[in-house]
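# Summary of the model geometry
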Amino acid sequence: MPVRIDKWLWAVRAYKTRTDAAEACRSERVRINGAYTKPSREVNPGDLVSFRKGPVTYTYRVLEPVSNRQPAKNVAAFAENLTPQEELDKLNVPRETIFISRDRGTGRPTKKERREIEGLMDDISYLGGWEED
């Protein structure tokens, strides 16, 4: 019995709510067999599902379609995690910390100082994306 992709992602605990899973599909963060998908697309056994959460792109193989939310210990019966280790390592990337010293009582940053702060933040920010084939 085929199941909608948004329902399957929710059932195997990839997303906390079905609404989150459907939103991820609509904003092109979910692929089935390499193609972007709509929330209503049905999954079948053997399909490869890739979805992006933050900087990491997770990859699962559908073992069995399921429409009811499963306990975490049962998820392995319905989905095989094929996520490469280098993707999982992105979760443990050390974050650079920036400490900007301002003397107490000097007030809010000026426009020039604010632009410098924003420039530093832009330099260290990491935006993960899909790798093009």
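Let us look at the packing of aromatic side chains. As enumerated under the stated definition, the model contains 3 aromatic pairs in all. Every member of this aromatic cluster is reached through a ring pair, and the members are Tyr15, Phe51, Tyr58 and Tyr60. Across the ring face of Tyr36, the terminal group of Arg31 is positioned such that the distance to the ring centre comes to 4.6 Å. One Lys or Arg, Lys53, reaches over the ring of Tyr15 and ends 5.2 Å from the middle of that ring.

We now examine the sheet that holds strand E7 (residues 79–81). Overall, antiparallel pairing links the 5 strands, which are arranged E3-E2-E5-E6-E7 in an open sheet. In the strand order of this sheet, the two ends are held by strand E3 (35–36) and E7, each with one partner. Here strand E6 (residues 56–62) runs beside E7; their pairing, made up of 3 bridges, is antiparallel. Bridge pairing in E7 links Arg61 to Glu80.

Atomic detail in the predicted coordinates should be set aside for any region of low pLDDT. On average, residues of the protein chain carry a pLDDT of 85, and 86% of them reach 70 or more. For residues 126–133, every residue scores under 50 in pLDDT, and the model assigns this stretch 16 contacts once sequence neighbours within four places are set aside.

The phi dihedral of Arg13 falls on the positive side, at around 65°, and the residue is not glycine. Within the chain, Asn33 stands out as a residue other than glycine whose phi angle is a positive 50°. Within the element layout of this structure, Asn33 appears in the loop between strand E2 (30–32) and E3.

Buried within helix H2 (residues 18–26) are the following residues: Ala21, Ala22, Ala24 and Cys25. Burial along H2 is one-sided: seen end-on, the buried residues are contained in an arc of 155°. Turned more than 90 degrees off the buried face of H2, the exposed positions are Thr19 and Arg26. At its buried positions, H2 is contacted by helix H1 (5–11) and E2. Glu28 sits one or two residues past H2 and shows a positive phi near 55°.

Attention now moves to the pattern of salt bridges. Within this structure, the stated rule accounts for 5 salt bridges. Lys90 is the salt-bridge partner of Glu87, the closest N and O atoms lying 3.1 Å from each other. Classification of Lys90 as partly exposed rests on a relative accessible area of 22%. One salt-bridge network, in which partners are shared between bridges, spans Arg4, Asp6 and Arg18.

What follows deals with the nonpolar core. Among soluble globular proteins, nonpolar side chains are generally buried collectively. Counting 24 residues, the largest nonpolar core has Ile5, Trp8, Leu9, Val30, Val49 and Phe51 as the members making the most contacts within it. Breaking this core down by element, the ones donating at least two residues are H1, H2, E2, strand E5 (48–53) and E6.

In this section: the pairing of E5. The side chains of a regular strand alternate between the sheet's two faces. Pairing geometry for E2 and E5, over 3 bridges, is antiparallel. Of the residues in E5, the one forming a bridge with Val30 is Phe51. Counting the residues in the hairpin turn of E5 and E6 gives 2 residues, including Gly54, whose phi is positive at 65°.

Tracing the chain through its elements places Ser50 in strand E5. In the structure, Ser50 is positioned 14 residues away from Tyr36 in sequence and 9.3 Å away in space, judged by C-alpha atoms.

Definitions and limits used
Here, residues in each chain are numbered from 1, in the same order as that chain's written sequence. The predicted nature of this model means local features are confined to residues of pLDDT at least 70 and side-chain atom pairs, given and counted, to a pLDDT of 80 or more, with totals for whole chains, interfaces and linings taken over all residues. Side-chain metrics rest on all non-hydrogen atoms present in the structure, leaving aside hydrogens and water. A pair of aromatic rings is counted whenever rings of Phe, Tyr or Trp (Trp by its six-membered ring) have centres within 6.5 Å, and the orientation is called stacked for planes under 30 degrees apart, edge-to-face for over 60 and tilted otherwise. Charge over a ring is defined by NZ of Lys or CZ of Arg lying within 6 Å of the ring centre and within 35 degrees of the ring normal. In this analysis, strands are considered paired if DSSP registers two or more bridges between them. Counting from the N terminus, the helices are DSSP H or I runs at least four residues long and the strands are E runs at least two residues long. As a per-residue measure, pLDDT reflects the predictor's confidence and takes values from 0 up to 100. Every residue pair with non-hydrogen atoms within 4.5 Å of one another is taken to be in contact. Buried, partly exposed and exposed residues are distinguished by accessible area as a fraction of the type maximum, computed with a 1.4 Å probe on protein chains only: under 20%, between the cut-offs, and over 50%, respectively. Summarising the geometry, the arc corresponds to the directions from the helix axis toward the C-beta atoms. By salt bridge we mean one thing: a side-chain nitrogen of Lys or Arg within 4 Å of a carboxyl oxygen of Asp or Glu. Residues belong to one nonpolar core when they are buried, are Ala, Val, Leu, Ile, Met, Phe, Trp, Tyr or Cys, and are joined through side-chain atoms within 4.5 Å.

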